[in-house]
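Each chain, letter by letter, is given below.
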Protein chains: 4
Amino acid sequence: MDIKAQLRAQHIETPSWAYGNSGTRFKVFAQRGVPRDPYEKIADAAQVHLFTGVAPTVALHIPWDRVDDYADLARHARELGVGIGAINSNVFQDDDYMLGSVTNPDARVRRKAIQHLLDCVDIMDATGSDTLKLWFSDGINYPGQDDIRARQDRLAEALTEVYARLGPSQRFLLEYKFFEPAFYATDVPDWGTAYAHCLRLGPQAQVVVDTGHHAPGTNIEFIVAFLLREGKLGGFDFNSRFYADDDLMVGAADPFQLFRIMYEVIRGGGYTSGIAFMLDQCHNIEPKIPGQIRSVMNVQEATAKALLVDRAALANAQTAGDVLAANAVLMDAYNTDVRPLLADLRQEMSLAPDPMAAYAASGYPEKIVTERVGGAQAGWGA
Amino acid sequence: MDIKAQLRAQHIETPSWAYGNSGTRFKVFAQRGVPRDPYEKIADAAQVHLFTGVAPTVALHIPWDRVDDYADLARHARELGVGIGAINSNVFQDDDYMLGSVTNPDARVRRKAIQHLLDCVDIMDATGSDTLKLWFSDGINYPGQDDIRARQDRLAEALTEVYARLGPSQRFLLEYKFFEPAFYATDVPDWGTAYAHCLRLGPQAQVVVDTGHHAPGTNIEFIVAFLLREGKLGGFDFNSRFYADDDLMVGAADPFQLFRIMYEVIRGGGYTSGIAFMLDQCHNIEPKIPGQIRSVMNVQEATAKALLVDRAALANAQTAGDVLAANAVLMDAYNTDVRPLLADLRQEMSLAPDPMAAYAASGYPEKIVTERVGGAQAGWGA
Amino acid sequence: MDIKAQLRAQHIETPSWAYGNSGTRFKVFAQRGVPRDPYEKIADAAQVHLFTGVAPTVALHIPWDRVDDYADLARHARELGVGIGAINSNVFQDDDYMLGSVTNPDARVRRKAIQHLLDCVDIMDATGSDTLKLWFSDGINYPGQDDIRARQDRLAEALTEVYARLGPSQRFLLEYKFFEPAFYATDVPDWGTAYAHCLRLGPQAQVVVDTGHHAPGTNIEFIVAFLLREGKLGGFDFNSRFYADDDLMVGAADPFQLFRIMYEVIRGGGYTSGIAFMLDQCHNIEPKIPGQIRSVMNVQEATAKALLVDRAALANAQTAGDVLAANAVLMDAYNTDVRPLLADLRQEMSLAPDPMAAYAASGYPEKIVTERVGGAQAGWGA
Amino acid sequence: MDIKAQLRAQHIETPSWAYGNSGTRFKVFAQRGVPRDPYEKIADAAQVHLFTGVAPTVALHIPWDRVDDYADLARHARELGVGIGAINSNVFQDDDYMLGSVTNPDARVRRKAIQHLLDCVDIMDATGSDTLKLWFSDGINYPGQDDIRARQDRLAEALTEVYARLGPSQRFLLEYKFFEPAFYATDVPDWGTAYAHCLRLGPQAQVVVDTGHHAPGTNIEFIVAFLLREGKLGGFDFNSRFYADDDLMVGAADPFQLFRIMYEVIRGGGYTSGIAFMLDQCHNIEPKIPGQIRSVMNVQEATAKALLVDRAALANAQTAGDVLAANAVLMDAYNTDVRPLLADLRQEMSLAPDPMAAYAASGYPEKIVTERVGGAQAGWGA
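Residues numbered from 1 in each chain as written. Chains lettered and ligands numbered in written order. Predicted model: local features only at pLDDT ≥ 70, side-chain atom pairs only at ≥ 80, totals over all residues. Heavy atoms only, no water.

Focus on unusual backbone geometry
Step number 1: Following Ile62 of chain B, the chain continues into Pro63 of chain B via a peptide bond in cis, with omega recorded as 20 degrees.
Step number 2: Tracing the backbone through its elements, the reader meets Pro63 of chain B in the loop between β2 (57–62) and α3 (70–79).
Step number 3: Each neighbour pair has its own omega, and for Glu180 of chain C with Pro181 of chain C the value is 10 degrees, a cis peptide bond.
Step number 4: With respect to the secondary-structure elements, Pro181 of chain C resides in the loop between β6 (171–175) and β7 (185–186).
Step number 5: The backbone of Glu180 of chain A sits at a positive phi, close to 80 degrees, despite the residue not being glycine.
Step number 6: Examined against the element boundaries, Glu180 of chain A turns out to sit in the loop between β6 (171–175) and β7 (185–186). (Helix = DSSP H or I, 4+ residues; strand = E, 2+ residues; numbered from the N terminus.)

Some thoughts on the interface of chain A and chain B
Step number 1: Counting residues at the interface gives 53 residues for chain A, matched by 53 residues for chain B.
Step number 2: In total, chain A and chain B occlude about 4,300 Å² of area from one another, counting both sides; carbon and sulfur atoms represent 61% of this.
Step number 3: Summed over the three residues of chain A that lose the most area to chain B, namely Arg149, Phe222 and Arg229 of chain A, the buried surface amounts to 17% of that side.
Step number 4: Inspection of the region where chain A meets chain B yields four salt bridges.
Step number 5: Connecting chain A to chain B are 16 residue pairs in polar contact (both at pLDDT 80 or more).
Step number 6: Among the elements that take part in the side of chain A that touches chain B, helix α6 (residues 191–201) of chain A stands out by supplying seven residues, more than any other. (Contact = heavy atoms within 4.5 Å. Buried area = accessible area lost by both parts, 1.4 Å probe. Salt bridge = Lys/Arg side-chain N within 4 Å of Asp/Glu carboxyl O. Polar contact = N/O pair within 3.5 Å; in protein donor to acceptor, adjacent residues only side chain to side chain.)

Some thoughts on the relation of the copies chain A and chain B
Step number 1: Here chain A sits on chain B after a turn of 180 degrees about the axis and a move of 0.0 Å along it, with an RMSD of 0.0 Å. Both copies are brought into coincidence by an operation consistent with a two-fold rotation axis. In terms of proximity to the rotation axis, the leading residue of chain A is Gly192 of chain A, whose C-alpha is 2.0 Å off the axis.
Step number 2: When you check the interface residues of chain A against chain B, 100% turn up at the interface there too, and the contact is symmetric in its surfaces. (Least-squares fit on C-alpha atoms with pLDDT ≥ 70 in both.)

Points about the relation of the copies chain C and chain B
Step number 1: The transformation that overlays chain C on chain B combines an axial shift of 0.0 Å with a rotation of 180 degrees, and the residual RMSD is 0.0 Å.
Step number 2: Both copies contact each other with a shared surface, as 100% of the interface residues of chain C are interface residues in chain B too.

Digging into the packing of helix α7 (residues 220–229) of chain A against helix α8 (residues 255–267) of chain A
All names here are of chain A.
Step number 1: Between α7 and α8, the least distance of the axes is 9 Å, while the angle of their chain directions is 10 degrees. Overall, the two elements α7 and α8 adopt an arrangement that is roughly parallel. Between α7 and α8 lies a crossing whose hand is right-handed. Along the contact surface, α7 presents Ile220, Glu221, Val224, Ala225 and Leu228, while α8 presents Gln257, Arg260, Ile261, Glu264 and Val265.
Step number 2: Counted by class, the contact of α7 with α8 contains six nonpolar, one polar and three charged residues. (Axes fitted to C-alpha atoms, helices over the stretch in contact; angles between N-to-C directions. Parallel < 35°, antiparallel > 145°, perpendicular 65-115°, else oblique. Left-handed = near helix turned anticlockwise from the far one by under 90°. Nonpolar A, V, L, I, M, F, W, Y, C, P; charged D, E, K, R; others polar.)

Quick look at the UniProt feature "domain: Xylose isomerase-like TIM barrel" (unreviewed entry) in chain A
Step number 1: Mapped onto this structure's residue numbering, the UniProt feature "domain: Xylose isomerase-like TIM barrel" (unreviewed entry) falls at residues 65–241 of chain A.
Step number 2: Helix makes up 40% of residues 65–241 of chain A and strand 18%, whereas the separation of the span's terminal C-alpha atoms amounts to 26 Å. (UniProt positions renumbered as here; feature names shortened; annotations may be inferred.)

Structural notes on helix α10 (residues 311–319) of chain D
Residue and element names in this part refer to chain D.
Step number 1: Taken together, the buried positions of α10 are occupied by Leu314, Ala317 and Gln318. All buried residues of α10 project into a common sector of 100 degrees when viewed along the axis, lining one side. Residues of α10 that are exposed and point over 90 degrees away from its buried face: Ala312, Asn316 and Thr319.
Step number 2: Those residues of α10 that are buried are in contact with α8 (255–267) and α11 (323–335).
Step number 3: Looking one or two residues past α10, Gly321 carries a phi angle of roughly 70 degrees, positive in sign. (Buried < 20%, exposed > 50% of the residue type's maximum accessible area, 1.4 Å probe, protein only. Arc of directions from axis to C-beta.)

As structure tokens, this is what we get:
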């Protein structure tokens, strides 16, 4: 069946940092069995793929996932049945970056930050990753603290240099965020800013939508539709939120919104066109691997519902201006319980129908608690 | 003195519709003395200029200001010492526009809406106005109601046709709005959308920033700085808000924000480069002419403070990374009481130092109450 | 089956004003077939009950539903199979109320407003209604406009007088609203304010939760749980919103939120304890009667899902501190497609399984368009 | 002069934790010269008082300020010219509190948390502090995770026990917070919840308003006015925010809001009635002691402006329903530059007129950098 074939081909990327400890500024609650190094993180990511069948890659975060031999790390991943996904640069945790990285008023700091980004492209070369993710925490906390426009000039300069370093089959995704950790003005605060920079640079620069990075009330699916129309949607960082960048499991806060997003992706041709579906979440209080499995399932369920939309009926009602009928076509799909369909699909893929239960029964949770004793647990190191 | 010269040259445009009745969906409270036709509205606008000296033009709104002879209306304005400013198109009040105007699924309705926009350019020709303001209330209330992306296609088509109609010294300003009256997806919801359309069209298409049209918490001065850097800021619709598009008097809700916006305008070279400073407000419960005078004064005070910023000291502190010193330079200007400076300026301009008091004592308020009896008061006609 | 019995006993009240025209401050789009008087509104409300079986009462709004003989209106309702529900007072549309009704600085205006509220109790006596709904649009648009605290004193005085007038089997519900039409400070802006006043007055004063009247991000189900614990939840005004008080069909914007609200109602014992489940919506662009039917069905579906929650399993997971398991229990119920269950229920109640289709096929839509010609359509009269 | 006398008597409390390192979940940037223990924190707080003259007490945070001998710490403070202010309890950083402290489903954890609160009262006894501040980070991240209402029952039980332990001249202040670190439902999310619990307990329980703990758009001065009217406002945690709980310097984000808050405090009689004016901020990127000095000055300036409001003129305009005149009276005070007045006041108090410059020239900043070498810098220990 067509929908099943499309669901079988889905590719959701999990992030290495979701397997380590994370928290809020108030407290990071350590969990037992958490990985101590990138190899262990990848092992955990491989479990998510093992039970869901649709999470074949894992994103790295540099320097959190710094290793001596990236080719070896990639080999390790392949042995476990997964691949290396996007390389996420981190220019927010060095003391030098207190007042910004690539937009810092100090040229020395900017140079250091740009060099880190170029190093990340080296890691892409070494691991075979084709995607660089750029998130800048850069911004200012107080009016007047720095010149908003000069920071844009510096940003443009840095992006230009990094763009020039990309190989022909590589791209970067520029991420925007409404606020945090900057509390007055963020240098890439919205999709418009990211879009304008990417447009100037060329086709290898695209925008990535983190579903938690918007002002309250923002219609995210509109942005998705718009960026797809412009050929500038590069991917997603999925998570969910009730308030700010809460980084809860995707689909947990507003499953209807996730469905609407997936509908626009499919409607705009983004489902099969190289758009990266990545998770970016913090499992502060729930166990990490099950948290990722549940999240992958949530994206899968939303996708299944979006694929079920009767688009011909929808188009008819829309053309007729029949508001209630058009809305009803969409809601019919959303209100369908797709869990039986997905259970079937998994069995066709030789997977257990219930990934959560299968993982829980696999012995892996107990194994990592037992084996991962000593050493420093991975985390954000904030 | 330089600051005074800059303040003397300021040009703030008032909107004809501010002189008519307005309200909320719950109630429009009629006021005595309100104009009954565009001629009387222009007469009221002339009062605002008479007492402030910096409000020399008045914006029209079509069809609310429809007259048989626009050249005559322009002559009337000139006689009263003011000119015709931007022409504001209205494609939201005809019954045909219930499901949209230029983005309506029905081609007939789109054609009608586009024709209205073209007619507005005719009015520009007749009145000598060089600016067309485009605000589309278009959007949808329910998920699925219409196709988000198809509506963008229709919007692009309409804008292209209107752009082609512009004379060489004419421009249009595309307005965005977060929500209302559409309650699910608005077709031009944010600056990014307006920017992308204007960029495609060319230099005669620019973005207008209505200060009440953003998601909660949006940093408006960032948008101002960004659009100026891109050469795409065309003007402002000033007003203020605590919640949504409240349309209170500009500067009433957050005078510090207005100051920051004016600072970015000046810093980005926008003060002297053809950017339109327009008011767009609703005086639901306060008298209209005094409401406009106060608003003009609020913009003037924010401008004076922004001009007072010691930019050399600011740059030094910013370059040094001295957060508190840089913030203090900005706050020094903001905390200055500029009212004596502006009173001086007015006296140099042969105006009364206190425009509010001078207007109140002028006899005009009583005159319009007495004379404007009978006829239908101007309003939105919602 | 127990769940079906509970669903069969559900009582959702529709508002007379949902059948008239409504809109935004920008435009009210008139629809064909709209009622011209309270009798016709009640006839339309009776249709909603006819096809859903769970909407046996209709709320009135005074003065919009003013008639000479309320007993006759009640008799008319009974003949059509429905009853009169809550009496909604309106002290926001008289010119005298520009600066407030019961909190107006002018004692004369306050007296007039209080008298209107007392008159509403008379109408309760005449119609047999046991519930008075009090919503005050009172507030101020500008800092300093009036004294925030003095307005509370005036509010308390008015509520005291109205409370004293209530008969022993009557109550009033005090509604709060974040903002609109007041744009700086609203006199009853949040549940805490309404709660404090009701607590002081006694058991016949309770809080009503309008689901569209909160600040962005507010957790409404928390408020529901809290008020139920305090014995102070009197009822709901259901609708949905993406932005402000959008008054869309309940369940249209965030069906998961509606489910969570209904879960807390049931968990807190509110489902069977006299809490009024009322709709308060604006069908600005969709047909009114089908809009109400769909809304009733949305509440019904959310209720069915909430009743399906396995509360023993939930309690076990909660007690065990198993975050993912507890969340999964809730989501299991939410993800269930309850439409077959409700179709069954309707057939047991001798109703058509699909109320939307049955109404569409009934001939009533065509009938009202044909018959309701001439006269003034009902609306808000703003 | 009366205003000066009132300003001279002002008492603003600084928090010990403002002198240590703080940051976001992304990074804590360490600063040189930061205190290593509570004694050094108090020394820094004494500097703020030395230069401002209005910050005579410092709040403690337990366990961050745990010492063996609290009487000795109090003596140390007195020697430096300051006193111990409120004791802030911390039940959010022990691993046991991952799923809550006093509302945890596990009775053992609840007991531990309550015991910590009781221990804090012991510290009050030892230090002479009369105020206990209770902030609970308790809440849940996912719908269903725990029972919202049962958590209220547990909260009520804990508060009852702590209240009973208070001495006759002691009180506790219950703090509410919209969200963070809980991301779905917070157990004390709004003033209404805090108020209801305090009301039940009695006069020694009051609400504390943290100016950063509200939903976007919330009118904080309304809450201040309301709680004062009810006799339930206990104090403030001052800071400012553009987005969430940003914890910027008070007055930095919206100085007009701070002025309005101080106006309501004064108007409601709260200025001289035991209300605690405390700062609660994070100086993530600016130096800490100057950050506190600036903040104290910001509160002082807002207070001076609020005291300048011509209340007779305001009352007249309000009574007359003159919206613009009433607003103008308030704005006149706000637009006044009070810095000269405050410079005079300081000189009368034998202080330098510019506290920021005086502190910078005092040698203290260099001294702490030189002397505070080695040891572990104080911070949140998250």
